[in-house]
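Summary of structural features
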Amino acid sequence: MKKIKWPLLTSAAASIGIFIYLLSKQSLTIRSLSDTFFIVSLFFLIIGIAMWIMSSGFFDNFQRFMKNYFRFRKKNEPKEFVPFSEIGKAHQLYWLETGGILLIVSFVSLLFYFL
């Protein structure tokens, strides 16, 4: 339960924010609710997928090449660097779980729209 705590809290806060936003615009319909949840979930999913791709090691060779190329210009720069695959490993699941929860809510509200 501890792992899923922060994505659930973030999803709940985003849901409350979406409801307040739609109430203030006076357009609280099931379709607008589904659309807004989908757009907000895309924000979280895009960040999570980008971190997932970076943590796979896909960009590590490119990063090493660029560091070696620009190191010739600066001799005082240290040779050690943190690869992209180590940067987002810890938090990628947070973004993917939050986006997944909001996407499921979007699909459920879309299902209610068509019923």
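So, a few notes on the structure that sits alongside this text. The structure displayed is predicted, hence computed values, not measured ones.

1. Here's the deal with the overall build of the chain
Within the chain, the secondary structure is distributed over five helices and zero strands. Ordered by position from N to C terminus, the α and β elements of the chain give α-α-α-α-α. Looking at the 115 residues of the chain, the share that counts as buried comes to 26%. Accessible surface, the chain: about 8600 Å² in total, of which carbon and sulfur atoms supply 71%.

2. As for the environment of Lys67
With respect to the secondary-structure elements, Lys67 resides in helix H3 (residues 60-71). Of the residues examined, Lys67 reaches a relative accessible area of 29% and is grouped as partly exposed. Through-space distance from the C-alpha of Lys67 to that of Glu80 is 9.6 Å; in sequence the pair is 13 residues apart.

3. Description of the packing of helix H2 (residues 30-55) against helix H5 (residues 92-114)
Packing of H2 against H5 brings their axes to within 7 Å, and their N-to-C directions diverge by 155°. For the element pair H2 / H5, the angle class is roughly antiparallel. H5 is crossed by H2, and the crossing has left-handed handedness. Split into classes, the residues belonging to the contact of H2 with H5 amount to 20 nonpolar, ten polar and one charged.

4. Focus: the nonpolar core
Core analysis: the largest hydrophobic core is formed by seven residues, namely Ala14, Ile18, Leu22, Leu33, Phe37, Phe44 and Leu102. Breaking this core down by element, the ones donating at least two residues are helix H1 (2-24) and H2. Phe44 has contacts with Thr10, Trp95, Thr98, Gly99 and Leu102, leaving out every residue within four places of it along the chain.

Calculation rules
Residues numbered from 1 in each chain as written. Predicted model: local features only at pLDDT ≥ 70, side-chain atom pairs only at ≥ 80, totals over all residues. Heavy atoms only, no water. Helix = DSSP H or I, 4+ residues; strand = E, 2+ residues; numbered from the N terminus. Buried < 20%, exposed > 50% of the residue type's maximum accessible area, 1.4 Å probe, protein only. Areas by Shrake-Rupley, 256 points an atom, 1.4 Å probe, with all protein chains shown as cover. Axes fitted to C-alpha atoms, helices over the stretch in contact; angles between N-to-C directions. Parallel < 35°, antiparallel > 145°, perpendicular 65-115°, else oblique. Left-handed = near helix turned anticlockwise from the far one by under 90°. Nonpolar A, V, L, I, M, F, W, Y, C, P; charged D, E, K, R; others polar. Core = buried A, V, L, I, M, F, W, Y, C linked by side-chain atoms within 4.5 Å. Contact = heavy atoms within 4.5 Å.

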